[in-house]
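Structural overview
Each chain, letter by letter, is given below.
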Amino acid sequence: GGNGTILTSTDSGNTWVIKSTGTTKRLQDITYNGNTWVVVGTTGTILASTDNGNTWAQKASGTTSDLEGIAYNGNTWIAVGGNGTILTSTDTALW
């Protein structure tokens, strides 16, 4: 969401808690592979969490283009964004 906002719920969405992400960038999309959550946003923002969204680590994307979508195909994370940007990663550390 706006200003780096991420909300998490542990009770099927009945209550929500704001989590600190360490960014004020607008977050555009999020996906999960069963172990890791990855979110993308403006100016090349990529964040990842391996503890159900309790803590988030910023990842170097190597771009300043806005990232608008993220997907996982079973082996590779794929982030897409403005100016034809397509980024891939197998571990969320290197894009």
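This is a predicted model, so every value here is computed, not measured.

**Quick word on the overall build of the protein chain**
Counting its secondary structure elements, the protein chain contains zero helices and nine strands. Ordering the α and β elements of the protein chain from the N terminus gives β-β-β-β-β-β-β-β-β. Whereas a compact globule of 95 residues would reach a radius of gyration of roughly 12 Å, the protein chain reaches 13 Å, a difference of no more than 12%. If one aligns the C-alpha atoms of the protein chain with their principal axes, the spans along those axes are about 40 × 30 × 15 Å. Within the protein chain, the fraction of its 95 residues that count as buried is 40%. Summarising the internal contacts of the protein chain: among those between residues at least 6 apart in sequence, 29% fall at separations of at least 24. By element, 47% of the accessible surface of the protein chain is carried by carbon and sulfur atoms, the whole surface being about 5300 Å². Charge-centre separation for the protein chain: the mean point of 4 positive side chains lies 7 Å from the mean point of 6 negative side chains.

**Some points on the side chain of Ser65**
Mapped onto the fold, Ser65 is located in the loop between β6 (57–59) and β7 (67–72). Apart from residues no more than four positions distant in its own chain, Ser65 is found in contact with Thr43, Gly44, Gly82, Asn83 and Thr85.

**Details of the sheet that holds strand β3 (residues 27–32)**
Spatially, four strands are ordered β3-β4-β5-β6 in an open sheet, and the strand pairing comes out antiparallel. Looking at the sheet topology across the chains shown, the edges are occupied by β3 and β6. Adjacent strand axes in the sheet meet at a mean angle of 25° when their direction is disregarded.

**Some details on the pairing of strand β8 (residues 77–81)**
Only one face of β8 is covered, namely the face carrying Trp77, Ala79 and Gly81; the face carrying Ile78 and Val80 is uncovered. Bridge count for β7 against β8 is five bridges, and the pairing is antiparallel. Directly across from Ile70, in β8, lies its bridge partner Ala79. Linkage of β7 to β8, two consecutive antiparallel strands, is achieved through a turn of four residues, within which Gly74 is found at a positive phi near 105°. Inspection of the sheet shows β8 paired to strand β9 (residues 86–89) by four bridges, in the antiparallel sense. When the sheet's bridge partners are listed, Ile78 is paired in β9 with Thr88.

**Some remarks on the nonpolar core**
Grouped together as the largest cluster of nonpolar side chains are ten residues: Val38, Val40, Ile46, Ala48, Leu67, Ile70, Trp77, Ala79, Leu87 and Trp95. Taken together, the elements giving at least two residues each to this core come down to β4 (37–41), β5 (46–49), β7 and β8. Counting residues in hydrophobic clusters, the runner-up holds five residues, among them Ile6, Leu27, Leu47 and Trp56.

**Side note on the sheet that holds β8**
Pairing within the open sheet is antiparallel, and its three strands lie in the order β7-β8-β9. The outermost strands of the open sheet, each flanked by one partner alone, are β7 and β9. Ignoring strand direction, the axes of neighbouring strands in this sheet form an average angle of 20°.

Parameters and conventions
- For every chain, the first residue of the written sequence is number 1, and numbering continues from 1 along that sequence.
- Since the coordinates come from a predicted model, pLDDT governs what is reported: local features require at least 70, and pairs of side-chain atoms require 80 or more to be given and counted, while whole-chain, interface and lining totals use all residues.
- Based on all heavy atoms of the structure, the side-chain values leave hydrogens and waters out of the count.
- Secondary structure elements follow DSSP: runs of H or I no shorter than four residues count as helices, runs of E no shorter than two count as strands, and numbering proceeds from the N terminus.
- It is over C-alpha atoms that the radius of gyration is taken, and the globule rule equals 2.2 Å times the number of residues to the power 0.38.
- Burial classes: relative accessible area under 20% of the type maximum marks a residue as buried, over 50% as exposed, and values in between as partly exposed (1.4 Å probe, protein chains only).
- Contact between two residues is taken to exist if any of their heavy atoms lie within 4.5 Å; hydrogens are not considered.
- Computed with a 1.4 Å probe, the accessible areas rest on the Shrake-Rupley method; for each residue, only the protein chains presented here act as cover.
- Counting rule for charge: Lys and Arg are taken as positive, Asp and Glu as negative, and neither His nor the chain ends is counted.
- We put the charge of a Lys on NZ, of an Arg on CZ, of an Asp on CG and of a Glu on CD.
- Any two strands with at least two DSSP bridges between them are considered paired.
- An axis is simply a line fitted to the C-alpha atoms; with a helix, the fit covers only the stretch in contact. Between two such axes, the angle follows the N-to-C directions and lies from 0 to 180 degrees.
- Buried Ala, Val, Leu, Ile, Met, Phe, Trp, Tyr and Cys residues form a nonpolar core when they are joined through side-chain atoms within 4.5 Å.

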